[in-house]
Structure formats: C-alpha cells, structure tokens
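# Architecture at a glance
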Amino acid sequence: MFTLTRHPPAPELAEFVEYHWVLRWDLRGKPPYEQRVLPNLAVHVTFFPGASGVHGPARAVFSHRLQGRVQGLGVRFRPGTFRAFLGGPVRDIADRAVPLVDVFGPAAVAAAESVRSADEDAQMVRAVDNLLIANPEPLSPAAREAAEAVESIARDPGITRVAQLCADTGLTTRSVQRMFAEHVGCPPKWAIRIYRLNDAAQRLVTEGDPDYAGLALRLGYSDQSHFIRDFRTVTGQSPAEYLRTARAAAEREPDSDRT
C-alpha cells in the first residue's frame, strides 16, 4: 500500500529529532486505504499535500486515509524536546494539530513545496533540516531532563508507576508532573501507560500465540482484565481483535515497512 523509509537528521538537530520518515503511495485506480497509528508521545511535523502540520502527543489512535498518488515527509521529534521550537508548553498542542506556519513561520510554506516537488528523499530531508535548523533555541537543562525521563520509561518496562519514575529522576511527584506537562505534553502516568501498551501491541504481533495473562503480568498489570480494558481504551480494540487486524494487514502487505 505504501513505502516508508527513515533518514537521520542533520547533526545540528540530533538532540531534537529522532528521524525523518518519507512516505510514498500510489493508489491510483485502487480503493482508498485507512492507515491507523497507535498513540505515542512524539511530536510529529508533517509535510504532505492536505495534511501538513505540527501534531502534538496523541492519546488516541490516529487514522489517515491514503488515496491517489502522494509523497511526503514527517519528522519524529524526541519526546521532551519540542518546546524549543514551540516556544510554549507542549501540553498546548496535545491531542491536536496546528498549522506549520504557526510554529515555523512563512518559511514552512517553501519547505512544504520543496518536499512536494522533490525527486529524491535527500532533497526532502535537506529542505526540512534547513527549516528546523533556523528555528530552535538551545535544549534547556529541564528539556534534557524530561527527554531522559521519557527514555527511562521506554528503556525499562519495569517502570509501571510514577513513584518509580520519581525515584529514578530524584524529583518529587509534583515536579515530575510539571516537567511532563511543560516538555512532554502529557501526564507521566499516561506516558508510562502508552509505552506499556505499545510494547504489548508489538509483543502480540511477534509472539505468535500470545499468553494474555502472562503478558499482562510482564507489563505490570495486576490482572488480565485490567490489561484488556486499558488496551481497548488506547487502541479501540481488544488484544485479540488487534492481533487479527495486524495479521490480516500483514497478509495483504507482506513487504511494507511500517511504524
């Protein structure tokens, strides 16, 4: 249905950007396709015809309709670092998208046109890198601490409660909550939940015949029913429904590179 490639940012942006992702599809003469993306903490900046914008951290499944022939580029920012570009609390853009020009000014229009007309991925990446390099403030100590806190959650599945994150960072609960609102865009409890359930979604697809009770236990849930309720709340599907959908998609698109 589509091709997806990832590219590193310019060295000047390494503290801010995890990677650029270039997406292309050609569905001319074919039915449109709904692509679903699980909630995540990253801010994404996208340059696509009719779908350009700054997308804040999401708490719900995002769905985009693919149709026609399109190419575009997205930037996945390291959670905790986008305040340097936004100039305000990241919570202000949580669960919504704002126009590129509201954050990056008129130069974003030229960058979007360069992405649309590019012949190669490198041209897209260069145009967007140039836009980003012209905008950020230095990464503040507070932002760096926030980014490292999120990376601790991602790295250690044993962190299942905010109290554990406080012990890891040496901060009080209130300080961690303020830090996450300002720099990450969501409460720390939700961040832990998102990483646990994204981990669960990956395990469901890769483990073949999953043991739901065992998976719930490994992810820190007290029982299987709590895990299933949480999973449905975030993804809109039960674990079994999600697994069936993922397997059906893999059978239709065995060579797709998906994220």
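Above: the structure in question.
Below is a summary of the structure that appears in this document. All of these numbers come straight from a predicted model, not from anything done at the bench. (Residues numbered from 1 in each chain as written. Predicted model: local features only at pLDDT ≥ 70, side-chain atom pairs only at ≥ 80, totals over all residues. Heavy atoms only, no water.)

### Some details on the packing of helix H5 (residues 141-155) against helix H6 (residues 162-169)
Each pair of packed helices gets described by two things: the angle between the helix axes and the distance between those axes. This is how it is decided: For helices, the fitted axis covers only the stretch in contact; all axes are lines through C-alpha atoms, and the angles between them, taken along N-to-C directions, range from 0 to 180 degrees. Secondary structure follows DSSP: runs of H or I at least 4 residues long count as helices, runs of E at least 2 residues long count as strands, and numbering of each begins at the N terminus. For classification, angles of less than 35 degrees are called roughly parallel, those exceeding 145 degrees roughly antiparallel, those between 65 and 115 degrees roughly perpendicular, and all remaining angles oblique. Less than a right angle of anticlockwise turn of the near helix away from the far helix marks a crossing as left-handed, whereas a clockwise turn marks it as right-handed. In what follows, residue pairs with any heavy atoms lying within 4.5 Å of each other are defined as contacts. Each residue receives one of three labels: charged for Asp, Glu, Lys and Arg, nonpolar for Ala, Val, Leu, Ile, Met, Phe, Trp, Tyr, Cys and Pro, and polar for the others, Gly being one of them.
Two elements in contact, H5 and H6, have axes separated by 11 Å at closest approach and are oriented at 125°. Here H5 lies oblique to H6, going by the angle between them. Viewed along their axes, H5 and H6 form a crossing whose handedness is right-handed. On H6, the residues touching Glu 145, Ala 149, Ser 152 and Ile 153 of H5 are Leu 165, Asp 168 and Thr 169. Residue composition of the contact of H5 with H6, by class: three nonpolar, two polar and two charged.

### Describing the nonpolar core
Short version of the rule: Remark: nonpolar core denotes a set of buried residues (Ala, Val, Leu, Ile, Met, Phe, Trp, Tyr, Cys) joined through side-chain atoms within 4.5 Å. We call a residue buried when its accessible area falls under 20% of the maximum for its residue type, exposed when it is over 50%, and partly exposed in between, using a 1.4 Å probe and counting protein chains only.
Phe 47, Val 54, Phe 77, Phe 82 and Phe 104 are the most contacted members of the largest nonpolar core, which totals 32 residues. Elements represented by at least two residues in this core include exactly strand E2 (17-26), strand E4 (44-47), strand E7 (69-77), helix H1 (83-86), helix H2 (100-104), helix H3 (107-117) and helix H4 (121-133). Take this core: its biggest share by element is five residues, from H4. In contact with Phe 47, not counting residues within four places along its chain, are Ser 52, Gly 72, Leu 73, Val 75, Leu 100, Ala 108, Ala 111, Ala 112, Val 115, Val 128 and Leu 131.

### A short note on the pattern of salt bridges
This is how it is decided: In what follows, salt bridge is the name for a side-chain nitrogen of Lys or Arg lying within 4 Å of a carboxyl oxygen of Asp or Glu.
Under the definition given, this model contains twelve salt bridges. When the shortest N-O distance is used, the salt bridge between Arg 83 and Glu 182 registers 2.6 Å. Separated by 99 residues along the polypeptide, Arg 83 in helix H1 and Glu 182 in helix H7 (residues 173-184) bring together distant segments of the chain. Arg 83 sits in the partly exposed class, given a relative accessible area of 25%. If you follow the salt bridges from partner to partner, you end up with Arg 83, Arg 91 and Glu 182 in one network.

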